[in-house]
Amino acid sequence: MATLLPAPARRRRTVWRDTAVGWSFILPNFVGFAVLTLVPVLALFYLAFTNWNVFGLAEWTGPANFQRLMHDASFWTALRNTLYYTVFHIPLTMVASLGLALLLNRKLRGVAFFRTVAFFPYIAAIVATAQVWNMLFSPEYGPINHILHFFGFSGNPGWTVSADGSMPAVIIVGTWREMGYYMLIFLAGLQTIPGELYEAARMDGANAWHRFWTVTVPSLRPTTFFVTVMLTIGSFKVFDLILLLTNGGPGQSTLVLSQYIYQKGFQENQFGYASAISIVLFAICFLVTVVQFLVNKRRNA
Amino acid sequence: MDTAVRPAQAETALLLNHRATRRRRLSRTGRIIGYALLVVAALALLLPFYWMVVSSLKTNNEVYTTPIQWVPKTVVWENYLDIWRKSHMVTWLKNTLILSVAVSALQVFTGSFAAYGFAKVRFPGRDLLFLAYIGTIAVPWQSYMIPQFILMSKLHLSNTLWSIIALQAFSAFGVFLMKQYYETIPNDLSEAARMDGMSEYGIWRRIMLPLSMPALASLTLLTFVNTWNDYLGPLLYLRDPSLWTIQIGLRSFINEYNAEYALIMTGSVLSVLPIALIFLVGQRYFIEGIATTGLKG
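What counts as what
- Residue numbering note: each chain is counted from 1, following its sequence as written.
- Starting at A for chains and at 1 for ligands, labels are handed out in the order in which the entities are written.
- It should be noted that, the model being predicted, local features are given only for residues of pLDDT at least 70 and side-chain atom pairs only at 80 or more, the latter also being counted only at that level, while totals for whole chains, interfaces and linings use all residues.
- Side-chain numbers come from the whole structure's heavy atoms, not from hydrogens or water.
- Working definition: helices are DSSP H or I runs of at least four residues, strands are E runs of at least two. Numbering for both runs from the N terminus.
- Classification of residues uses two cut-offs on accessible area relative to the type maximum, computed with a 1.4 Å probe and protein chains only: under 20% is buried, over 50% is exposed, and between them is partly exposed.
- What makes two residues a contact is simply this: any of their non-hydrogen atoms within 4.5 Å.
- Residue exposure ignores everything except the shown protein chains as possible cover, and the areas themselves are Shrake-Rupley values with a 1.4 Å probe.
- The charge count treats Lys and Arg as positive and Asp and Glu as negative. His and the chain ends do not count.
- The location of each charge is read from NZ of Lys, CZ of Arg, CG of Asp or CD of Glu.
- Buried area: the sum, over both parts, of the accessible surface (1.4 Å probe) that disappears when the two are put together.
- Criterion for a salt bridge: a side-chain nitrogen of Lys or Arg within 4 Å of a carboxyl oxygen of Asp or Glu.
- Whenever two N or O atoms come within 3.5 Å, that pair is a polar contact, provided that in protein one can donate a hydrogen and the other can accept it, and provided that, for residues adjacent in sequence, both atoms are side-chain atoms.
- In this classification, Asp, Glu, Lys and Arg are treated as charged, Ala, Val, Leu, Ile, Met, Phe, Trp, Tyr, Cys and Pro as nonpolar, and every other residue, Gly included, as polar.
- Domain boundaries shown here were taken from an automatic or database domain assignment.
- To form a nonpolar core, buried Ala, Val, Leu, Ile, Met, Phe, Trp, Tyr and Cys residues must be joined to one another through side-chain atoms within 4.5 Å.
- Note on geometry: axes are C-alpha line fits, over the in-contact stretch for helices, and angles between N-to-C directions span 0 to 180 degrees.
- By definition in this entry, angles of less than 35 degrees are roughly parallel, angles greater than 145 are roughly antiparallel, angles of 65 to 115 are roughly perpendicular, and the rest are oblique.
- Here a crossing is called left-handed whenever its near helix is offset anticlockwise from the far helix by less than a right angle, and right-handed whenever the offset is clockwise.

1. Let's talk about the overall build of chain A
Piece 1. Assigned secondary structure in chain A consists of 13 helices and 0 strands.
Piece 2. Starting at the N terminus and walking to the C terminus, you meet the elements of chain A as α-α-α-α-α-α-α-α-α-α-α-α-α.
Piece 3. Judged by the C-alpha coordinates and their principal axes, chain A covers about 90 × 70 × 35 Å.
Piece 4. The burial tally for chain A puts 53% of its 301 residues in the buried class.
Piece 5. For chain A, contacts bridging at least 24 residues in sequence account for 65% of all contacts bridging at least 6.
Piece 6. Accessible surface computed for chain A: about 14,400 Å², of which carbon and sulfur atoms make up 66%.
Piece 7. Treating the 20 positive side-chain charges of chain A as one cloud and the 11 negative ones as another, the clouds have centres 15 Å apart.

Here's what the structure looks like:
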């Protein structure tokens, strides 16, 4: 019957049909996704300009929340701490996960076992693991300081209970937790590099170090890009780890942006002000991602 | 090698041979270094889990001692009995199980369904819509948790298990993972079925679903574990103790019995154990799932 229609009408009909069918597939997920993700993201940009509180009374206050942010010392502390975490967590995790992936990409016995071991911290619940780490870090009796003393280290770092040691402790646990995940991604990337490339480099007399920089690194570029973006966003939004390991303390030594949003929003019910902080977090992640995309594009061009 | 080798040739051969052994020896030291590094890394990675299990088998006084007891003097199993009496572990586990199963089922259904629309049906605006999905992966949940909470409260979902189901079941991640997989399935198959008059829904159910079993397994396991482990969602939404999940329950237990180190470690072991078992059984699918989503960022 469709063959009786003139060609353009037929095409229009199939386009309509395909659109309806396509949407019908997407809709069950899209309804949930739109209501619970898209709408809140858009609402954020309204909320941030109001003084919405727990009673749901909202007044448009314009840029007042952002002006308040500029003079909020706790906000700047949170921002500084978030950057502190990010600046150390990204390179550490990158090096550790790539190093592990390179080790595991060789034909060694027991590779599957080590892969399991390295990935396990990532899927073990953070409530339990943060608690163990807290006990491991105990300055007086914890195994970590004992091990350090065994290797001749004389100091007694306070780790999670000292202002200087708490952020390094968080960074260590963050890296421990995530390196297995990124290792798997690097491993998948490494396995797509054709062996002939290494053979050719070897023919040219390149040593292992040389081969790493001339073959591995360039071939891994798409993977590295993906890992960098994910790690950056992951670092800026660090939250549950902090909440469970140090709760932002001691003092404000590990207070980060996500936690500050939580404090203002859910503990002090200042939804409007917390939304303004959220916008800062959103903007940082957005900008960093865009910049990384642009840099990646230019490098590929 | 030939017996009729001239001395010079033999010498070259010997030289080459020598060089080969040297390389092999080097690669053997390389291998030993590799193993040593792996063993050290594995020990460091496993230390927390070892400590967790060992402490759960000690009496409370033995958890912190100088020098450290790396192996308990006597193995104490009582903690594993006491914990059920002192906590509401059964309620927590039940709630967590309900949520994990419900979220996984919904995520797998809606995710694979939507992925078919994105991967195999052509219609205007499709790629833009998919971009919106992918874009939100880069938006941290922490930045919109406040409007989302207000919305959930307006819908009267907060402080019910439905809030967590709504929160976790429609993630873009599932759509992304399934789409990546569907795109590896050749279009000829669906074309042929279409010629035979099969509807798109029929193609999804009878051809795509059976062919994408590995990806469905990956998505199910990753979602299950993710829901099981979630701490922040339940922290914000589940106020009523009868709704608590294992994570939020364990956390309140830690606060309540903050000096009962051995018991806390017992609870921790119990909260991680189901995940460890699932991971050991379905390891392959976890690893493939992660690799699929990572390959084409």
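2. Looking at the interface of chain A and chain B
Piece 1. Contacts between the two partners involve 86 residues from chain A, matched on the other side by 94 residues from chain B.
Piece 2. Together, the buried faces of chain A and chain B total about 8,000 Å²; carbon and sulfur atoms form 81% of this surface.
Piece 3. Our enumeration of links across chain A and chain B arrives at 0 salt bridges.
Piece 4. Along the contact surface separating chain A from chain B lie 11 residue pairs in polar contact (both at pLDDT 80 or more).
Piece 5. Considering each element in turn, the side of chain A that touches chain B owes the most residues, 24 residues, to helix 1 (residues 7-47) of chain A.
Piece 6. Considering only residue class, the side of chain A that touches chain B consists of 61 nonpolar, 19 polar and 6 charged.

3. With respect to the domain arrangement of chain B
Piece 1. The domain boundaries assigned to chain B delineate domain 1 (7-47) and domain 2 (79-295).
Piece 2. Computed over C-alpha atoms, the centres of domain 1 of chain B and domain 2 of chain B are 45 Å apart.

4. What about the environment of methionine 265 of chain B?
Piece 1. Relative to the helices and strands, methionine 265 of chain B is located in helix 13 (residues 261-295).
Piece 2. Along the backbone, methionine 265 of chain B and phenylalanine 123 of chain B are 142 residues apart, and their C-alpha atoms lie at a distance of 54 Å.
Piece 3. If we ignore the near neighbours within four places in the chain, the residues touching methionine 265 of chain B are Gln131, Val132 and Met135 of chain A together with Met52, Ser55 and Ser56 of chain B.

5. Re the nonpolar core
Piece 1. Counting 189 residues, the largest nonpolar core has Met145, Ile146 and Tyr182 of chain B as its most contacted members.
Piece 2. Here this core takes 15 residues from helix 7 (residues 166-190) of chain A, the largest share from any one element.
Piece 3. Sequence-distant contacts of methionine 145 of chain B, that is, excluding residues within four places in its chain, are made with Phe239, Ser258, Ile261, Tyr262 and Phe266 of chain A together with Leu236 and Tyr237 of chain B.

6. Notes on the packing of helix 4 (residues 111-123) of chain A against helix 7 of chain A
Residues and elements named next belong to chain A.
Piece 1. The interhelical angle for the contact between helix 4 and helix 7, taken along N-to-C directions, is 130°, at an axis separation of 6 Å. With respect to helix 7, the element helix 4 is oriented oblique. Considering only the axes of helix 4 and helix 7, their crossing is left-handed. Contacts between helix 4 and helix 7 involve Arg115, Ala118, Phe119, Pro121 and Tyr122 on the former and, on the latter, Trp176, Arg177, Glu178, Gly180, Tyr181, Met183, Leu184 and Leu187.
Piece 2. For the contact of helix 4 with helix 7, the per-class residue count stands at 9 nonpolar, 1 polar and 3 charged.

7. Here's the deal with the packing of helix 7 of chain A against helix 10 (residues 221-236) of chain A
All names here are of chain A.
Piece 1. Between helix 7 and helix 10, the least distance of the axes is 9 Å, while the angle of their chain directions is 160°. Accordingly, the angle class assigned to the pair helix 7 and helix 10 is roughly antiparallel. Between helix 7 and helix 10 lies a crossing whose hand is right-handed. Here Glu178, Tyr182, Ile185, Phe186 and Gly189 of helix 7 lie close against helix 10, whose contacting residues are Thr223, Thr224, Phe226, Val227, Met230 and Leu231.
Piece 2. Among the residues making up the contact of helix 7 with helix 10, the classes are represented as 7 nonpolar, 3 polar and 1 charged.

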